[in-house]
Amino acid sequence: MSDTRDDAPGYTPPAIWTWTPGHGGRFANINRPIAGPTHEQALPVGQHPLQLYSLGTPNGVKVTVMLEELLEAGHTGAEYDAWLIRINEGAQFSSGFFEVNPNSKIPALMDRSGPEPIRVFESGAILMYLAEKFGAFLPTEPAQRAECLSWLFWQVGSAPFLGGGFGHFYAYAPVKLEYPIDRYAMEVKRQMDVLNRHLAMHRYMVGDTYTIADMAIWPWYGALSKGQLYEAGEFLQVHEYNHVVRWADEIAQRPAVRRGRMVNRVMGDPASQLHERHNARDFETNTQDKLACP
């Protein structure tokens, strides 16, 4: 056993917590205990009714996959502009972004298709808003709708334990601490077992019907099942969740999913990165490998 548990010096919280800027490991430079904008900057607005301000994190991928799935299904009104918000540089704290999302988190959507713009923030809310707007990927039969929304909100409530909990302490914290890593690894493995048991009996999260529940869960837990999050595949033995792996592989082959995961992506193969998306041709002409060519 390491020296980070029983025999390690304890931490006694002070009577009153005070913020130490820059303390807290990776991303500490953008963390602060107050809300609100830090600088004045308007957001760009493109030609389409739907304006997405995001980054290709798992939460961002949920929405770009949904938009591409809507277009794939023939909903031309789902054409969108996707603008890159570089959260590591604090772009989410601009005055313009704050107007779209007072919580200063990506993704955020502005729907300008009606007489008055409608803002939608929080990835689960955006998925549900788009599903209802276009009448797609959200079942209308009561039992299936309830199942879909239950899994959608399961993801919204569960992922912080994976990202902010396990991911932070395993990959981003300035020191490795056994207790929080053990605590969150146990919870993440429990969540993966929940999914694995369910997907052993169902093709998708709602039986044979592909829904926004799959779009919400796949970028987080599908990626985890393939060892693509936090370099923790071996540590968590994710290959053991074979039904999740099967489901993740099937979804990954969908053309709209392949496109959606490219949008606002800033990591990995340059050919997989489409920093901004303004029309379907961008996937062929504006990926980073193409833009780097003389």
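Throughout this document, residue positions are counted from 1 along each chain, in the order its sequence is written. Given that the model is predicted, a residue must reach a pLDDT of at least 70 before its local features are reported, and side-chain atom pairs must reach 80 or more before they are shown or counted; all residues, however, enter totals for whole chains, interfaces and linings. Here the side-chain values reflect all heavy atoms present in the structure, with hydrogen atoms and water set aside.

This next bit is on the side chain of Q51. Under the DSSP-based scheme used, a helix requires at least four consecutive residues in state H or I and a strand at least two consecutive residues in state E, with every element numbered from the N terminus. Relative to the elements of secondary structure, Q51 occurs in strand β1 (residues 50–54). Think of it in three bands: with a 1.4 Å probe and only protein chains considered, a residue is buried below 20% of the maximum accessible area for its type, exposed above 50%, and partly exposed in between. Among the residues examined, Q51 registers a relative accessible area of 0% and is labelled buried. For Q51, the side chain forms a polar contact with the main-chain nitrogen of G46, separated by 2.7 Å. Polar contacts, as counted here, are pairs of nitrogen or oxygen atoms within 3.5 Å of one another; within protein the pair requires one atom able to donate a hydrogen and one able to accept it, and residues that are adjacent in sequence qualify only if both atoms are side-chain atoms. Reaching out from Q51, the side chain makes a polar contact with the backbone oxygen of H48 at a distance of 2.8 Å. By definition in these notes, contact holds between two residues if any of their heavy atoms fall within 4.5 Å. Residues contacting Q51, with those up to four places away along its chain left out, are P44, V45, G46, D81, W83, A108, L109, M110 and R112.

To continue, consider the environment of E72. Note on placement: E72 falls in helix α1 (residues 58–72). When its relative accessible area of 45% is taken as the criterion, E72 is described as partly exposed. Spatially, the C-alpha atoms of E72 and A256 are 6.4 Å apart, while their sequence positions differ by 184 residues. Setting aside residues no more than four positions away along its own chain, E72 makes contact with P255, A256 and R259. Here the side chain of E72 touches R259 through a polar contact of 2.9 Å, side chain to side chain.

Let us look at the nonpolar core. If you look at the biggest cluster of nonpolar residues, it comprises 65 residues, and the most contacted ones within it are M66, L130, L162, I212, Y221 and W247. Breaking this core down by element, the ones donating at least two residues are β1, α1, β2 (80–84), α3 (123–134), α4 (142–172), α5 (178–199), α6 (212–225) and α8 (242–252). The element that contributes the greatest number of residues to this core is α6, accounting for 10 residues. Definition of nonpolar core: a set of buried residues of the types Ala, Val, Leu, Ile, Met, Phe, Trp, Tyr and Cys, connected through side-chain atoms within 4.5 Å. L43, L55, L84 and I106 belong to the second-largest nonpolar core, a separate cluster that totals 11 residues.

Here we take up α5. End to end, α5 covers 31 Å across 22 residues, agreeing with the expected 32 Å (1.5 Å per residue, within 8%). Along α5, the residues classified as buried are E178, P180, I181, A185, E187, V188, Q191, M192, L195, N196, H198 and L199. On its buried side, α5 packs onto α4, α6, α7 (233–236) and α8. How far a helix is expected to stretch is found by multiplying one less than its residue total by 1.5 Å.

Turning our attention to the pattern of salt bridges. Think of a salt bridge as a Lys or Arg side-chain nitrogen and an Asp or Glu carboxyl oxygen that are within 4 Å of each other. Under the definition given, this model contains 13 salt bridges. Put simply, R203 and E250 hold a salt bridge, and the shortest N to O gap is 2.5 Å. Taken together, the positions of R203 in the loop between α5 and α6 and E250 in helix α8 put the pair 47 residues apart, joining distant regions of the chain. Residue R203 is classed as partly exposed on the basis of its relative accessible area, which comes to 42%. Within this structure, E68, E72, E79, R259 and R277 form a network of salt bridges that share partners.

Here we come to the sheet that holds strand β4 (residues 118–121). Strands pair, by our definition, only if DSSP identifies at least two bridges between them. Read from one edge of the open sheet, 4 strands run β2-β1-β3-β4, paired in mixed fashion. On the outer flanks of this sheet lie β2 and β4, each paired with one strand and no other. Ignoring which end each strand starts from, the neighbouring axes of this sheet average 20° apart. Where strand β3 (residues 108–111) meets β4, 4 bridges bridge the pair, whose relative direction is antiparallel. What sits directly across from M110, in β4, is R119. Across the sheet, α1 is in contact with β1 and β2; its angle to β1 comes to roughly 155°. Interaxial angle, 0 to 180 degrees, is taken between N-to-C directions of lines fitted to C-alpha atoms, where a helix line uses only the stretch in contact. Against the sheet, α3 contacts β1, β3 and β4, and its axis sits at roughly 130° relative to β4.

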